[in-house]
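Spelled out from the first residue to the last, the chains are:
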Amino acid sequence: MSEFITLTGARENNLQDVTLRIPKGRLTVFTGVSGSGKSSVVFDTIAVESQRQLNETFTWFVRNRLPKYERPHADALEDLSPAIVVDQRPVGGHSRSTVGTMTDIHSVLRVLFSRHGTPSAGSATAYSFNDPSGMCPGCDGLGRTVRPDWDRILDPGRSLADGAVRFPPFAAGTWQGQAYTNTDELDPDKPVGDFTDDERAFLMRGRPGSKVTVNGTGGTWTTEYEGLADRFERLYLKRDLSAMSEKTRNLVREFLVEGECPDCGGARLNAAALATRVNGHSIADCSRMQVTDLIAVLKEIDDPVARPVAGAAVTALERIEAIGLGYLSLDRETATLSGGEGQRLKTVRHLGSSLTGMTYIFDEPSVGLHPRDVGRLGDLLLRLRDKGNTVLVVEHDPDVIALADHVVDMGPRAGAGGGRVVFEGTPAGLAAADTLTGRCLGRRTTVKADPRTPTGELWVKGADRHNLRDVTVAFPAGVLTAVTGVAGSGKSTLVAELVAGHPEAVVVDQSAIGVSARSTPATYLGIMDTVRRIFARETGAEAGLFSFNSAGACGTCEGRGIIYTDLAFMDPVTTVCGDCEGRRFREEVLRLTVGGSSVADVLAMTAEQALDFFTDTGVRRRLSALRDVGLTYLTLGQPLSTLSGGERQRIKLATRLHRTGAVYVLDEPTTGLHMSDVQGLLALLDRLVDTGNTVVVVEHNLDVVAHADHVIDLGPDGGRDGGRVLFEGTPRELLAARDSSTAEHLRRATG
Ligand code: ADP
Ligand code: ADP
Ligand code: ZN
Ligand code: ZN
């Protein structure tokens, strides 16, 4: 077996015939500015090809049920091993997925409670909230219930005839509403708030056998009376909301409230499961505790029969603690985890597995991690390697780069100016190399000498959400503030409180951009209308032709540029559309040019090239916003769905510049940014402040912290052991602070 993974002539995205040998059983870190091609090598070439080759080993029956992968553009890809991608994509939405279920620790607890708890509720499934034998019947194991909001549906001050029912489909005068105004059992002119208990019960639930007469298009008829609550529940709660029209769905949502399930108090389990105790704790208690506390509780179990099961849970929990997530609880829904937290939890799962000879691929695993915890992350990566795996990491953090056995530096620039390997070797070799990354490594940080004077204060008073304990803190207005602290210390929670109290806040986060699959930087920035107008004006054709969602689109590929052929039980083939040659437009539209370029040529331009091309001031202003946020390497036509979290955050920022008097809130804006691009980001933040805004960033990057006017440091630890303000002041004052690990790392970075 070869000791190397070999790529020959890789050409995916911007890669320019990349040929590489990556040592197996080693930790290789990929560096380079954003857009240089790191992901194109690691994710779009290596990961895709190993998955594709793996899928080929299955029968067509199985293969047909697996996601389809296409062969990446390359001359040869050899000696790959099965790849596991551990990325920052959200861990999974549905509310039955918790930290406990995802890590399988919940199932170990279930065994513990069923075998060793008293009184036992039965076998292990009796403690599963995803199994009918364990789930709370009130909420089907969800812990929360969605109920009709009766305070909103019924106006107690009005009578039924006078519009007491505010839910439009059942309102007085509608055909459904007649049941309530026509029944002989209720006085239609009596305010609903004055109903006796019996009357109210009848209104809501009816009584078997009671009838009511209503008028409809077909005349008058008598029918069974159905209570208001029964009818609402039958029509809107017991049916799948997603099957209703969007209009109905939105209407119904207005009349629903979501809250903790009254039957189980949010614990998700039925009474029998909740009654079982081990050492005085119920399984719900154990799920609610933070991991560090649960470890202590399980270690107290001294029953010799129960010990091995408890021990298995402790081993898994200690892995969670080891990567700095000891502040999480097992009942935490995975949908509420940050990308970095999710990625680290996925890593824990793989550490427990005994597979070897795999390729593990990580996307910027240091995201969301305080410098204090980067060391622990490094241990984790090395442990994966030492189990006999190949570990590939895309990373900007110098501390992670330093751990590598081998470094591949991509560059020299982004987009078409990148796509080549500019250095290969050891971290020490890279630090001495004359590449952008090499020159940035080992550079010292200097703290800001003359912080700005605040123009006012924005208060958060008595905040006690999540782990914050009665936190009162002032964010200085008109300056750049960095909120720091280890993961789980409460930074996001505190900043969310600031946003909740200040309507002028502009939150720029990394969440998905909710636009159509055909959105591109050009459509998102809103320049396509102008581009179409310019083409119409210059060519005399109709503006609508220049849209790939319109009549101007190539009919063969419907404006997609590619043709997707599903060959049933063989690999699907996407081919560039032969009619338009991938250019998405009809031939006659492509013949219409402005300054020698067709609309397809314009969409293939990078923002940088487009800036040279356009003279329209509106278009130029929007494009230069992309330059401000360091995204000029994107082409105008690249699908937005291909952007990373960091790129998404920056393109959103590009559309929200040019305000004054706003409070900009950014969550780790350096995500995905190369060290050399951080200076550009800081210049942008400075500009925002200097044009009259307040800027608040949650950040771990010490260059940003050192450059802030004000720092609010939370800690000292995550979860229960965090939630306090450890330090407030200038970066220079922070250098002198004791008992703050942020201060300690800032001293190291500047020393
Ligand atoms: P990095 O990981 O170094 O940030 P990428 O490999 O993501 O860089 O991107 C390299 C270049 O390829 C960039 O110009 C990027 O805009 C482009 N690119 C990435 N993915 C796609 C895609 N799916 N379609 C078109 N262009 C892409
Ligand atoms: P940071 O931003 O510093 O990483 P967070 O504000 O995300 O910290 O978390 C602070 C504490 O609040 C942690 O104990 C975390 O587990 C908890 N927490 C955060 N978000 C939620 C949530 N949606 N539900 C429950 N607990 C949460
Ligand atoms: Zn319940
Ligand atoms: Zn076509």
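As annotated in an unreviewed UniProt entry, the chain carries the name UvrABC system protein A and comes from Streptomyces plicatus. The annotation that UniProt attaches to the chain under Subcellular location (unreviewed entry) is "Cytoplasm". Under Sequence similarities (unreviewed entry), UniProt gives the following word-for-word description of the chain: "Belongs to the ABC transporter superfamily. UvrA family."

Asker: Requested: an account of helix α25 (residues 617-628), with residues and values cited.
Answerer: The first and last C-alpha atoms of α25 sit 16 Å apart over twelve residues, in line with the 16 Å expected at 1.5 Å per residue. Listed in full, the buried residues belonging to α25 are V619, R622, L623, A625 and L626. Projection of α25 onto a plane perpendicular to its axis shows the buried side chains occupying an angular sector of 140°, all on one side. The elements touched by buried residues of α25 are α20 (521-524), α21 (528-539), α24 (607-613) and α26 (645-655). Phi turns positive, to about 75°, at G630, one or two residues after α25.

Asker: Explain unusual backbone geometry residue by residue, including any values.
Answerer: Each neighbour pair has its own omega, and for G411 with P412 the value is 0°, a cis peptide bond. Secondary-structure assignment places P412 in the loop between β12 (406-411) and β13 (420-425). For H466, which is not a glycine, the phi torsion comes out positive at approximately 45°. Topologically, H466 is positioned in the loop between β14 (456-463) and β15 (471-477). Residue H466 is classed as partly exposed on the basis of its C-beta count, with 17 C-beta atoms lying within 10 Å.

Asker: For the site of ligand 1, give the residues involved together with the corresponding values.
Answerer: Taken together, 17 residues lie around ligand 1, and N13, K38, S39, S40 and G415 are the ones closest in. A total of three residues in the shell around ligand 1 trace back to one element, the largest contributor, which is helix α1 (residues 38-56). Considering only residue class, the shell around ligand 1 consists of four nonpolar, twelve polar and one charged.

Asker: Which residues make up the packing of helix α4 (residues 105-116) against helix α13 (residues 307-322), and what are the values?
Answerer: Relative orientation of the contacting elements α4 and α13 amounts to 160°, with a least axis distance of 9 Å. Judged by the angle between their axes, α4 and α13 are roughly antiparallel. Considering only the axes of α4 and α13, their crossing is left-handed. In this structure, α4 uses I105, V108, L109, V111, L112 and R115 to contact α13, whose residues at the interface are V309, A310, A312, A313, A316 and L317.

Asker: I'd like to hear about the site of ligand 2, residue by residue, with values.
Answerer: Within the structure, ligand 2 sits among 16 residues, and T336, H466, K491, S492 and T493 are positioned closest to it. When the residues that make up the shell around ligand 2 are grouped by side-chain class, the tally is three nonpolar, eleven polar and two charged.

Asker: Talk me through the nonpolar core; I want residue IDs and the actual numbers.
Answerer: Judged by nonpolar contacts, the single largest core of 87 residues is most densely connected at F30, L269, A313 and V393. Other than its neighbours up to four places away in sequence, F30 contacts K38, V41, V42, L392, V393, V394, V408 and M410. The next biggest cluster of nonpolar side chains, apart from the first, holds 83 residues, and it includes C440, L498, A600 and L623.

Rules used throughout
- Residues numbered from 1 in each chain as written.
- Chains lettered and ligands numbered in written order.
- Predicted model: local features only at pLDDT ≥ 70, side-chain atom pairs only at ≥ 80, totals over all residues.
- UniProt positions renumbered as here; feature names shortened; annotations may be inferred.
- Helix = DSSP H or I, 4+ residues; strand = E, 2+ residues; numbered from the N terminus.
- Expected span 1.5 Å × (residues − 1).
- Buried ≥ 20, exposed ≤ 12 C-beta atoms within 10 Å, placed from the backbone.
- Arc of directions from axis to C-beta.
- Contact = placed C-beta atoms within 7 Å.
- Near = placed C-beta within 6 Å.
- Nonpolar A, V, L, I, M, F, W, Y, C, P; charged D, E, K, R; others polar.
- Axes fitted to C-alpha atoms, helices over the stretch in contact; angles between N-to-C directions.
- Parallel < 35°, antiparallel > 145°, perpendicular 65-115°, else oblique.
- Left-handed = near helix turned anticlockwise from the far one by under 90°.
- Core = buried A, V, L, I, M, F, W, Y, C linked by C-beta atoms within 7 Å.

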